[in-house]
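Structure at a glance
Below, each chain spelled out in residue letters.
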Amino acid sequence: MKKYALVLAAGKGTRMKTEMPKCAYPLIRKPMIAYIVENIRNSHIIDETVVVVGHKREIIQEILGDTVKYAVQTEQLGTGHAVMVAEELISDLDGDTMILPGDMPLVDDIVIEKVFREHIDRRHDMTVMTTKIDDPSGYGRIIRNDSGYLDSIIEHHEATSGQRMIDEINTGMYVVKNRILFSALKRITNNNLKHEYYLTDIVNILKQDGYVIGTYALKESYKAMGVNDLYSLSIAEAKLRLKINKQHMINGVAMINPETITIGHNVIIEENVVIHPNTYITGNSVIKKGAQIGPNTEIHESSIGERVICRHSLVYNSIVHEDTTVGPFAHLRDGANIGAHNRIGNFVEVKKSSTGDNTKASHLAYIGDTTCGSHVNFGCGAVTVNYDGKQKYQTFIGDDVFIGCNVNLIAPIRIEDNSFIAAGSTLTQNVPKGSLAIARAYQVNKADYMMDRNGKDKVEK
Ligand code: UD1
Ligand code: CA
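This write-up is about the structure you can find in this document.

**What to know about the overall build of the chain**
Looking only at helices and strands, the chain has ten helices and 40 strands in total. For the chain, the C-alpha radius of gyration of 31 Å lies well beyond 23 Å, the compact-globule estimate for 461 residues. Considering only C-alpha atoms, the chain reaches an extent of 110 × 50 × 45 Å along its principal axes. For the chain, buried positions account for 48% of its 461 residues. Of all intrachain contacts in the chain linking residues separated by at least 6 positions in sequence, the fraction that spans at least 24 positions is 40%. Of the accessible surface of the chain, which amounts to about 22,400 Å², a share of 49% is contributed by carbon and sulfur atoms. For the chain, the separation between the mean place of its 51 positive charges and that of its 55 negative charges on side chains is 3 Å.

**Considering the site of ligand 1**
Within the structure, ligand 1 sits among 24 residues, and Gln73, Gly78, Thr79, Glu155 and Asn170 are positioned closest to it. Lys22 places a side-chain nitrogen or oxygen 3.2 Å from an oxygen atom of ligand 1. For ligand 1, whose unbound accessible area comes to 760 Å², protein coverage reaches 92%. Put simply, ligand 1 lies in the largest pocket. Secondary-structure elements contributing two or more residues to the shell around ligand 1 are β1 (3-9), α3 (79-84) and β10 (168-177). Considered class by class, the residues forming the shell around ligand 1 number nine nonpolar, eleven polar and four charged.

**What to know about the coordination of the calcium ion (ligand 2)**
Where a metal carries four tetrahedral donors, each ideal angle is 109.5 degrees; where it carries six octahedral donors, the ideal angles are 90 or 180 degrees. Protein ligation of the calcium ion (ligand 2) involves Asp103 (OD) and Asn228 (OD1), the donor distances falling in the range 2.2 to 2.5 Å. With Asp103 in the loop between β6 (96-101) and α4 (109-121) and Asn228 in the loop between β11 (213-218) and α8 (230-250), the pair connects residues that are 125 residues apart, well separated along the chain. By relative accessible area, Asp103 is classed as buried at 12%.

**Remarks on the packing of aromatic side chains**
Both the distance between ring centres and the angle between the ring planes are used here to describe each pair of aromatic rings. Summed over all chains, the structure comprises two aromatic pairs. When the ring of Phe329 is compared with that of Phe347, the centres are 5.2 Å apart and the planes differ by 10 degrees; the resulting orientation is stacked. Of this pair, Phe329 sits in the loop between β24 (325-326) and β25 (331-333) while Phe347 sits in the loop between β27 (343-346) and β28 (349-351); the two residues are 18 residues apart in sequence, bridging distant segments of the chain. Residue classification places Phe329 among the partly exposed residues on the basis of a relative accessible area of 42%. Ring centres of Phe402 and Phe420 lie 4.8 Å apart, and the angle between their planes is 15 degrees; this geometry places the pair in the stacked category. In this pair, Phe402 is assigned in strand β35 (residues 402-403) and Phe420 in strand β38 (residues 420-421), connecting sequence segments 18 residues apart.

**Remarks on the pattern of salt bridges**
One pass over the full model with this rule turns up 24 salt bridges. Notably, a salt bridge pairs Glu38 with Lys30, separated by 2.6 Å at the nearest N-O pair. You'll find Glu38 and Lys30 in the same group, each marked buried. A salt bridge links Asp334 to Arg333; the nearest nitrogen and oxygen atoms lie 3.2 Å apart. Judged by relative accessible area, Asp334 falls into the partly exposed class, the value being 36%.

**Remarks on the packing of helix α1 (residues 32-42) against helix α2 (residues 57-64)**
Two elements in contact, α1 and α2, have axes separated by 10 Å at closest approach and are oriented at 45 degrees. In terms of orientation, α1 and α2 fall into the oblique class. Between α1 and α2 the crossing geometry is right-handed. Taking contact as the criterion, the partners of Ile33, Ala34 and Val37 in α1 are, on α2, Ile60, Ile63 and Leu64. Here the residues of the contact of α1 with α2 are counted per class, giving six nonpolar, no polar and no charged.

What counts and how
Residues numbered from 1 in each chain as written. Chains lettered and ligands numbered in written order. Predicted model: local features only at pLDDT ≥ 70, side-chain atom pairs only at ≥ 80, totals over all residues. Heavy atoms only, no water. Helix = DSSP H or I, 4+ residues; strand = E, 2+ residues; numbered from the N terminus. Rg over C-alpha atoms; globule rule 2.2 N^0.38 Å. Buried < 20%, exposed > 50% of the residue type's maximum accessible area, 1.4 Å probe, protein only. Contact = heavy atoms within 4.5 Å. Areas by Shrake-Rupley, 256 points an atom, 1.4 Å probe, with all protein chains shown as cover. Lys, Arg positive; Asp, Glu negative; His and termini not counted. Charge placed at Lys NZ, Arg CZ, Asp CG, Glu CD. Near = heavy atom within 4 Å. Polar contact = N/O pair within 3.5 Å; in protein donor to acceptor, adjacent residues only side chain to side chain. 1 Å grid on protein atoms, 1.4 Å probe; cavity = no way out; pocket = protein on both sides within 12 Å on 5 of 7 lines; lining within 4 Å. Sits in = over half its atoms within 2 Å of the grid points. Nonpolar A, V, L, I, M, F, W, Y, C, P; charged D, E, K, R; others polar. Donors = N, O, S within 2.8 Å, 3.2 Å for Na, K, Ca; no water. Phe/Tyr/Trp six-rings, centres within 6.5 Å; stacked < 30°, edge-to-face > 60°. Salt bridge = Lys/Arg side-chain N within 4 Å of Asp/Glu carboxyl O. Axes fitted to C-alpha atoms, helices over the stretch in contact; angles between N-to-C directions. Parallel < 35°, antiparallel > 145°, perpendicular 65-115°, else oblique. Left-handed = near helix turned anticlockwise from the far one by under 90°.

Here is the structure:
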């Protein structure tokens, strides 16, 4: 008996008032739909996941790739119709299917597992997850009979003012026996205000047929929040941020002004790390023991070594090894790999380049497409000139090289070990090991020049 998850993600998300399909919207730089599919996987109870796609389906399919199966809903005729189009893919009729809306990103693996288990253990034919919230407007309301059993679900705009007072809502998450799910769906109509096929209408049909419909009342109601517009997206993001930050703080990560700190779902932060305000750490980033990050720093898809200090800086797709200082105002990107005990300081950009240990670029430098050794000093204003307007070229710098201020290294070029480049040089040729390279015009001092120009009086004043 297979256990399926069916995620509904075909809708446009009209209330978002933008073009992107709603379920592709990111929370902390990760699409909503990716959280749902990841949490389904982590619940370890689902055998097969099917996602219903439709509006701009290529965007959703690019996010999820081949981790799930897809059913295509070409016209978005309602949630009931969305489930119907998946019929062929839910082949084990003896199994059960959990239906989840693609706009409920905060539901987690624990809830998914609990609801499914309860459905099986209590031998329900259908289980509806409900919750109570302060402001139920917009949600379907749970109508119970006098004995407290579920009677029906009424959509907000179909509800009477009395029914709108009910604060128990339909979360949009259900588990249903496959055998009865699709036969009930064939009997729903679009005879309602929105002219849509409402999935919620199967409750009435199954009840009339005498099936057992149970409810699972979720206590942590925020997890059931549906994201319908950009405001609710921001609320969901804030909730997620708080939850993630709390867990890191409990694990031994200090956060100064945590409400200004955003940490992605997949980030790993070791103990004894301090994170300062206005900092974003996202993607599959790792921050090792004793590091100090921020304020005003963005780190994405990067690994930060032990005791690194990274202030007011941007680090994307890069690696920084232990005891290095980054910033203020440094930018590491596209596979920068910075060695241990480096200093990448004020207004320094490093792109697609590596450095050995103990290398320093303290101020105003650009290092691009460069392989650089250990104990190298980049003076203020040093630039690897990697681009001629058409192509990018490589720079090689050995160990123990001193690069003076305002040096241009015109790539492709090799600077061998233990060499010294005089300040202000523009080099177009390789520099052999142990050499001094100077490539600048000689200085000429013309005596009494100003006297000749302006006359004796002015100069003497
Ligand atoms: C739905 C429920 C409502 C519940 C709420 C919980 C129905 C009729 N209503 O309302 O009772 O309280 O969720 O958040 O089910 N979708 C499709 N194809 C469609 C229509 C929708 O795939 O034709 C997808 C959407 O992309 C979305 C999900 O189904 O991810 C829910 O649709 P949405 O329009 O947001 O439903 P609600 O009005 O919020
Ligand atoms: Ca919704």
